[in-house]
Amino acid sequence: MKPGTIQIIFVTMTLQEPKPPSRSILEAFITRHEHLLQLEREAEEEQTRLLNSNCSPKLLEQRGLAIGSLGVSSLSVGLGGKNLIELSRPLAYHTSTTLPPHTFRNGDPVRIEAHVTTKPKAKKEDDNAVEGVVYRVSAEKIVVAVDGSKEVDLPERLRLLKLANSVTFDRMARTLKHVRRIVCPESDPAHPTNIRLINVLLGIQQPQFGPVSELSWYGDKLNDSQKEAIKFCLSADSLACIHGPPGTGKTHTLVELIFQLLSRPASPETTLPPRILVCTPSNLALDNLLLRLHALSLLAPYSNLLPRDSILRLGHPTRVHRDLVRETLDYRAANGEQGELLKDVGNELQTNLSDLSKKRGEKGAVKGKERGKRWDEIRELRKEYRQREAKVVTTVVGAARVVLATCHSAGSRQLNNAMFDVCIIDEATQAVEAVCWVPVLKAKKLILAGDPQQLPPTIMSRKGDLPDMDKLDLGIGLKPPKTLETTLFDRLEKLYGPGIKRVLQVQYRMNEHIAAFPSKTLYESKLSSDPSVSTHTLLDLPSIVNPDEEETKDTLSPTVVFFDTAGCEFYERTEGDSKIEKGLGEGSKSNENEAELVAKYARKLVSLGVPAAEIAVVTPYQAQVSLIASMLRDEFPEMTIGSVDGLQGQEREAVILTLVRSNPTGEVGFLGEYRRLNVAMTRAKRQLCVVGDSATVAKGSKYLKSWMDWLEAEADVRWAGDDGL
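Basis of the calculations
Residues numbered from 1 in each chain as written. Predicted model: local features only at pLDDT ≥ 70, side-chain atom pairs only at ≥ 80, totals over all residues. Heavy atoms only, no water. UniProt positions renumbered as here; feature names shortened; annotations may be inferred. Helix = DSSP H or I, 4+ residues; strand = E, 2+ residues; numbered from the N terminus. Buried < 20%, exposed > 50% of the residue type's maximum accessible area, 1.4 Å probe, protein only. Areas by Shrake-Rupley, 256 points an atom, 1.4 Å probe, with all protein chains shown as cover. Core = buried A, V, L, I, M, F, W, Y, C linked by side-chain atoms within 4.5 Å. Contact = heavy atoms within 4.5 Å. Axes fitted to C-alpha atoms, helices over the stretch in contact; angles between N-to-C directions. Parallel < 35°, antiparallel > 145°, perpendicular 65-115°, else oblique. Left-handed = near helix turned anticlockwise from the far one by under 90°. Pairing = 2+ DSSP bridges. Salt bridge = Lys/Arg side-chain N within 4 Å of Asp/Glu carboxyl O. Polar contact = N/O pair within 3.5 Å; in protein donor to acceptor, adjacent residues only side chain to side chain. Phe/Tyr/Trp six-rings, centres within 6.5 Å; stacked < 30°, edge-to-face > 60°. Lys NZ or Arg CZ within 6 Å of the ring centre and 35° of its normal. Nonpolar A, V, L, I, M, F, W, Y, C, P; charged D, E, K, R; others polar. Right-handed = clockwise from strand over helix to strand, strands pointing away.

- Going by an unreviewed UniProt entry, the protein chain carries the name DNA helicase and comes from Naematelia encephala.
- Database annotation for the protein chain, UniProt heading Sequence similarities (unreviewed entry): "Belongs to the DNA2/NAM7 helicase family."
- Recorded in UniProt for the protein chain, the comment headed Catalytic activity (unreviewed entry) runs: "ATP + H2O = ADP + phosphate + H(+)".

Next up, the structure:
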């Protein structure tokens, strides 16, 4: 074997053969999911109620759950005839138009109401407030889609407030009822075209795998474990899983798989390629796939398999990227050939909405009874718009070979009655099982991709035991879940054993020293580092100013740096009123001393030539995000400052991780979740800098203790009390 090459050893694994579930077990499985989802819905609604009724506006903003002092920049019409309200920060109230750190994402339910500075003594109903869904987020603006049936007459100074997401729970509940009707019918059983996939997912039938002919690869940089995973997925008749540890090119593998699928007939009965539904739990992960597919579709030979207008994105991309917007259903319905049907009605709607959005005193503002008449006209125009739009949407969706949607939005009316040959769910280990069933019911074959060792779904409720189900002796087979953290990916691996998946084994992101601890503790030391990244450091970057100076070498040569704050009395603090926090879980924490040290080190990296855009400051706590952002964002707007959860799937040359927790009792809260830490420590390509109190953190769990021990032995340890950085 040549020096620098990586040897990958494959072990052929057979599948476990679970005992087919009885009707009572199927009923118990679905009932348990419904029960756990109801508990989660109640927990989310309770948290929202507590926050909105007990927290001051300032605390809500610190937690990223509200943004105050906003104004309406424009009012327009979107898909479905909805009002699109664009909100921004007017310079009348702010020195900068950039939005503060927040947690608003596409699809979040929100309320737009009058701005308040203090907590109201009694909750009054605001007649002018409107509720809607976040449609688009950028650095300076948030666009909210609001049902067009209600008049929009908002005050000049507004607040945006996050609400509980009941729409997603409603959709998951309907989906589970549908699954129940199929597998536990009251009378004549249904026989959908994808019944085999449904049966395989529930252990009623066994997955089957067939031979795959020799492949011609489109990508020239696929490693053996990626090729093996793709062959495995192509050989599956109904189900296959890909386990992609950090940096192993999971997205790259899925893109190659999509083109391999498109290059062959959907089934022996047709010469047409398959229609593919690609889903993820989040918009950001979906856009990563969309960017890759779009870029390749412009090049030969990919363009033959994905010609123009054959990629379609439901919803709006999180990234402001002109090419991505052109792939959306909204854009194509309004601007494509079919969109001509909508233009005249759309223009008339837009004119009316523009007039109505003008403030009193502004030229052309609509006043008094005339406003009511205009809204009546708009309601009639919307009916016409929706009727025409339904025909356009059916045509546009039907023409697409690859449709991309979040798991939740795959259940939207635009995909009613649609059936796909293959559904691929990426980041499946971040999604609760019920939301995965939304796209599953629209496909004949399912491919799941994810990493069970990274962040699970965020669950607020406590586990809900149903004793009558727990007494069932199920053996190897379908079992009712004990928590919503058990994902579809996890459950299928337990049901069929490790033979149901293939693991990607070569990572292309981290210096091998950064990868060493997660590989050893979470990936059985099987995560190899490609020679192209195994020894790279910040010192190798072409932007470094004086690479030969000792200070530069001391700062940029180490790949893992640990600022240990033990004994420095850098104590954490809890944001907000302690009585309120008791009802909201552990509360958001911050650590001002750690934040100052982080800001100082980040400035030093930039001064030595590390691009600010290639530095990420990461922390588990939103209050710490807000604190550090107040220190660095104006100075380095391109620097990423965010939560661990928000950085999953991303990477930077340097990552500074602030652990925040520092207290005499050794309490670490959800810092003790090893999968959250795994995400945090595997985002860095050339340097990982950890700032934290080893004395506190080591008491949190065995995993944290072993990590602190590893850092003390393997990292470049620097005492936080030292003046020099």
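Text resumes after the structure shown.
Some details on the overall build of the protein chain
- Of regular secondary structure, the protein chain possesses 24 helices and 23 strands.
- Residues classed as buried in the protein chain amount to 54% of the 725 residues present.
- Working note: accessible area of the protein chain is about 32000 Å², and carbon and sulfur atoms make up 50% of it.

Some thoughts on the nonpolar core
- Formed by 91 residues in total, the largest nonpolar core has its most connected members in Ile425 and Leu446.
- At eight residues, helix α12 (residues 368-399) tops the list of elements feeding residues into this core.
- Contacts of Leu446, omitting those with residues within four sequence positions, involve Leu197, Leu201, Ser238, Leu239, Ala240, Cys423, Ile425, Val440 and Leu488.
- Membership of the second largest hydrophobic core comes to 35 residues, among which are Phe232, Leu286, Leu289 and Ile311.

A short note on the packing of helix α16 (residues 512-522) against helix α22 (residues 674-681)
- Where α16 meets α22, the axes come as close as 10 Å, and the angle between the chain directions of the two elements is 155°. Viewed along their axes, α16 and α22 adopt a mutual orientation that is roughly antiparallel. When you trace α16 past α22, the crossing you get is left-handed. Side by side, α16 and α22 meet where Ile514, Phe517, Pro518 and Leu522 of the first sit next to Tyr674, Asn678 and Met681 of the second.

Description of unusual backbone geometry
- Omega for the bond connecting Ala300 with Pro301 falls within 30 degrees of zero, at 0°, which places this linkage in the cis form.
- For Pro301, the location among the structural elements is in the loop between α7 (283-297) and α8 (302-305).
- At Ser69, a residue that is not glycine, the phi angle is positive and equals roughly 55°.
- Along the chain, the position of Ser69 falls in strand β1 (residues 66-77).
- Judged by relative accessible area, Ser69 falls into the buried class, the value being 6%.
- Look at Asn417: it is not a glycine, yet its phi comes out positive at around 65°.

Considerations on the sheet that holds strand β4 (residues 130-137)
- Taken in spatial order, the six strands line up as β1-β2-β5-β4-β3-β6 and close into a barrel, and their pairing is antiparallel. Taking the axes of each pair of neighbouring strands and ignoring which way they run, one obtains an average angle of 50° across the sheet.
- Sheet topology note: the strand β3 (residues 109-114)/β4 ladder contains four bridges and is antiparallel. Paired with Ile112 across the two strands is Val130, which belongs to β4.

Observations regarding the pattern of salt bridges
- For the coordinates displayed, the defined rule picks out 38 salt bridges.
- Among the salt bridges present, the one from Asp421 reaches Lys444, with a minimum N-O distance of 3.8 Å. Pair noted here: Asp421 is in the loop between β10 (402-406) and β11 (422-425) and Lys444 is in the loop between α13 (433-440) and β12 (446-450), with a separation of 23 residues, a long-range link.
- Classification of Lys444 as partly exposed rests on a relative accessible area of 38%.
- Between Glu653 and Lys685 there is a salt bridge, with its nearest N and O atoms 3.4 Å apart. Placement of Glu653 in strand β21 (residues 652-658) and of Lys685 in strand β22 (residues 684-692) is noted, with a sequence separation of 32 residues between them.

Let's talk about the sheet that holds β22
- With parallel pairing, the six strands of this open sheet are ordered in space as β20-β19-β21-β22-β16-β23. Lying at the two open borders of the sheet, with one neighbouring strand each, are β20 (640-643) and β23 (716-719). Going from strand to strand, the sheet's axes swing by 20° on average, the running direction of each strand aside.
- In the sheet, β21 pairs with β22 via six bridges, with the strands oriented parallel. Each residue of the ladder has a partner; that of Val655, found in β22, is Leu688.
- Against the sheet, helix α20 (residues 622-632) makes contact with β19 (615-619), β20 and β21, and its axis sits at roughly 170° relative to β20, the strand it touches most.
- Contacts from helix α24 (residues 702-714) reach β16 (560-564), β21, β22 and β23, with the element oriented near 110° to β16.

Things to note about the environment of Thr97
- Looking at where Thr97 falls in the secondary structure, it is placed in the loop between β2 (83-88) and β3.
- With residues near it in sequence (within four places) discarded, Thr97 still touches Arg89, Leu91 and Glu140.
- At 2.9 Å, the side chain of Thr97 forms a polar contact with the side chain of Glu140.

Notes on the packing of aromatic side chains
- In the structure shown here, the tally under the stated rule is nine aromatic pairs.
- Considering the side-chain rings of Tyr218 and Phe259, the 6.5 Å spacing of their centres and the 50° angle between planes classify their relative orientation as tilted. Placement of Tyr218 in the loop between α4 (195-201) and α5 (224-235) and of Phe259 in helix α6 (residues 250-262) is noted, with a sequence separation of 41 residues between them.
- Classification of Phe259 as buried rests on a relative accessible area of 0%.
- Here the aromatic rings of Phe517 and Trp710 are separated by 5.7 Å at their centres, their planes lie at 45°, and the arrangement is tilted. Of this pair, Phe517 sits in helix α16 while Trp710 sits in helix α24, placing them 193 residues apart in sequence.
- When its relative accessible area of 16% is taken as the criterion, Trp710 is described as buried.
- Taken together, Phe517, Tyr674, Tyr703 and Trp710 form an aromatic cluster joined through their ring pairs.
- Directly above the ring of Phe232 sits Arg502, whose terminal nitrogen or CZ lies 3.9 Å from the centroid.

Let's talk about the packing of helix α3 (residues 166-183) against α13
- Here α3 crosses α13 at 65°, and the two axes come no closer than 9 Å. When the axis of α3 is compared with that of α13, the two are roughly perpendicular. In this structure, α3 crosses over α13, and the sense of that crossing is left-handed. Between α3 and α13, the residues in contact are Arg171, Met172, Thr175, Leu176 and Val179 and Ala434, Val435, Trp437 and Val438, respectively.
- Of the residues in the contact of α3 with α13, the class split is seven nonpolar, one polar and one charged.

Examining α13
- The element α13 is extensively covered by neighbouring structure, given that eight of its eight residues are classed as buried.
- All of the buried residues in α13 are Glu433, Ala434, Val435, Cys436, Trp437, Val438, Pro439 and Val440.

Notes on the pairing of β11
- Residues Val422 and Ile424 point to one face of β11 and Cys423 and Ile425 to the other, with burial holding for every one of them.
- Of the pairings in the sheet, the one linking strand β8 (residues 276-280) to β11 comprises four bridges and is parallel in character. Among the inter-strand pairings, Val278 is bridged to a residue of β11, identified as Ile424.
- Pairing between β11 and β12: three bridges, direction parallel. When the bridges of β12 are listed, Ile424 appears paired with Ile447.
- Chirality of the crossover, the property in question, places the unit of β11, α13 and β12 among those that are right-handed.

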